[in-house]
Amino acid sequence: MKALYHRRSSLPHYFTKTLDIFLLSLSCITFSFATSPAKLHIKTLEGSAVVPFTADLANISNIVFKEYPYLYGVEDDEQFYLSHYCHSPEVKLCLALDGRQVIGYAIGVPLSAYSPKFHQPFQKLGLRIHSLFYIGEVGLLSEYRTHGIGKQLLLTIEELVRKEGKYSQICLVHIDENLISANKPTDYTSLTSLWSHLHYQSYPHLTVDLSWKNVDATEASMHRLIYWIKTLEAN
C-alpha cells in the first residue's frame, strides 16, 4: 500500500551496476554496485527466504512512512509482513544493503494474492487481476536518498517479475496528494515524476480508500490511493 522516499531518476557513476550478478541460491540473488565507500548492494529473495528479514522491513517502514505524504502513525510489526506478503510463495523482495545493514527495500506479490480490498477497483470494472504483479511497498532511509538507489530497487524487482514470465503488467499504488491537508515540506519531491519516468501510468478511476491514523492525530482518517500500472515488455 505504501511507497515512500525522495528519489531521482539518474544514477551517479559510482552506483552503476556491475556485471557481477551471481546466483546465491534458487531464491537469493545479489547485485553488486561498482566500488563505493558505502559498500552498497542489492540482494533479491523470493518465497520463504524473505521471512528472516521481516523485522528489518518493519523497522524501515516505521521510520519512512511517518514522513510526508503518508504520515502513517500506526507502527507495523513483523506479523504485518508475514500476513500480507510472506504467506505467498511468489513474494519477491529486493533489499538495499550498506554492508550487512538493510537500508531500503521493495516487496511485492501477485495482486491476486494480496488483500481482496485491492482487487475491488478492477472487479467493479470487470477487469482481470491475474496478469498483475503488485509492488506493495518501497522504502529507503533518508540518508541514502537522491543516489538512485530507490530507482534501482524498482528496476530490479521489475526484472524479476519480467523474467518469471507470468505477469504482463506490474502495478503499485500512491496516495492521492491532492487530498492531503497537511502542509507539504519544502524539500519534498513527489514520487509521481519517477513513476512516469519508469513508464508507469496513473489510473485515477482505479482507487483504494484506506483508513489509518496520521502522526499526532487522535483519530483515524480516510486516505485515497491511486493505482499506477506499467505494461512489461518481453525480453
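Bear in mind that the values here come from a model prediction, so they are computed numbers and not experimental data. (Residues numbered from 1 in each chain as written. Predicted model: local features only at pLDDT ≥ 70, side-chain atom pairs only at ≥ 80, totals over all residues. Heavy atoms only, no water.)

Draft legend 1. Summary view of the overall build of the chain. Per the secondary structure count, the chain includes 5 helices and 10 strands. For the chain, the proportion of its 235 residues judged to be buried stands at 51%. Working note: accessible area of the chain is about 11200 Å², and carbon and sulfur atoms make up 51% of it. (Helix = DSSP H or I, 4+ residues; strand = E, 2+ residues; numbered from the N terminus. Buried < 20%, exposed > 50% of the residue type's maximum accessible area, 1.4 Å probe, protein only. Areas by Shrake-Rupley, 256 points an atom, 1.4 Å probe, with all protein chains shown as cover.)

Draft legend 2. Here's a closer look at the environment of Ala113. Positionally, Ala113 belongs in the loop between strand E6 (101-110) and helix H3 (120-124). For the pair Ala113 and Ile129, spaced 16 residues apart in sequence, the C-alpha to C-alpha distance is 9.9 Å. If we ignore the near neighbours within four places in the chain, the residues touching Ala113 are His87 and Ser88. (Contact = heavy atoms within 4.5 Å.)

Draft legend 3. A look at the pattern of salt bridges. Enumeration over the complete set of coordinates arrives at 9 salt bridges. The partner of Lys66 in a salt bridge is Glu75, and the shortest N-O contact between them spans 3.1 Å. The salt bridge partner of Glu67 is Arg145, with a shortest N-O separation of 2.8 Å. Of this pair, Glu67 sits in the loop between helix H1 (54-64) and helix H2 (78-86) while Arg145 sits in the loop between strand E7 (132-140) and helix H4 (149-164), and the two are 78 residues apart along the sequence. Shared partners join several salt bridges into a network, and the residues in it are Glu46, Glu90, Lys92, Glu164 and Lys166. (Salt bridge = Lys/Arg side-chain N within 4 Å of Asp/Glu carboxyl O.)

Draft legend 4. Inspection of H4 at higher detail. Under the 1.5 Å per step criterion, the end-to-end length of H4 is 23 Å for 16 residues, consistent within 8% with the ideal 22 Å. Most of H4 sits inside the fold, with 12 of its 16 residues counted as buried. Among all positions of H4, only Ile149, Gly150, Lys151, Gln152, Leu153, Leu154, Thr156, Ile157, Glu158, Leu160, Val161 and Arg162 are buried. Trailing H4 by a residue or two, Gly165 shows a phi angle of about 75°, which is positive. (Expected span 1.5 Å × (residues − 1).)

Draft legend 5. Region of the structure containing the environment of Ser112. Tracing the sequence through the fold places Ser112 in the loop between E6 and H3. Between the C-alpha atom of Ser112 and that of Leu132, which follows or precedes it by 20 residues, the distance is 7.7 Å. When near neighbours in sequence (up to four residues on either side) are disregarded, Ser112 contacts His119, Ile129 and His130.

Draft legend 6. Structural context of the packing of aromatic side chains. Evaluated as defined, the whole model comprises 14 aromatic pairs. Look at Tyr72 and Trp212: their rings are 5.4 Å apart centre to centre, the planes differ by 70°, and that puts the pair in the edge-to-face class. Of the two residues, Tyr72 is situated in the loop between H1 and H2 and Trp212 in strand E9 (residues 201-212); the sequence distance between them amounts to 140 residues. Both residues of the pair, Tyr72 and Trp212, count as buried. An angle of 65° between the planes, with centres 6.4 Å apart, marks the rings of Phe80 and Tyr85 as edge-to-face. Judged by its relative accessible area of 13%, Phe80 is buried. Taking relative accessible area as the criterion, Tyr85 reaches 0% and is therefore assigned buried. (Phe/Tyr/Trp six-rings, centres within 6.5 Å; stacked < 30°, edge-to-face > 60°.)

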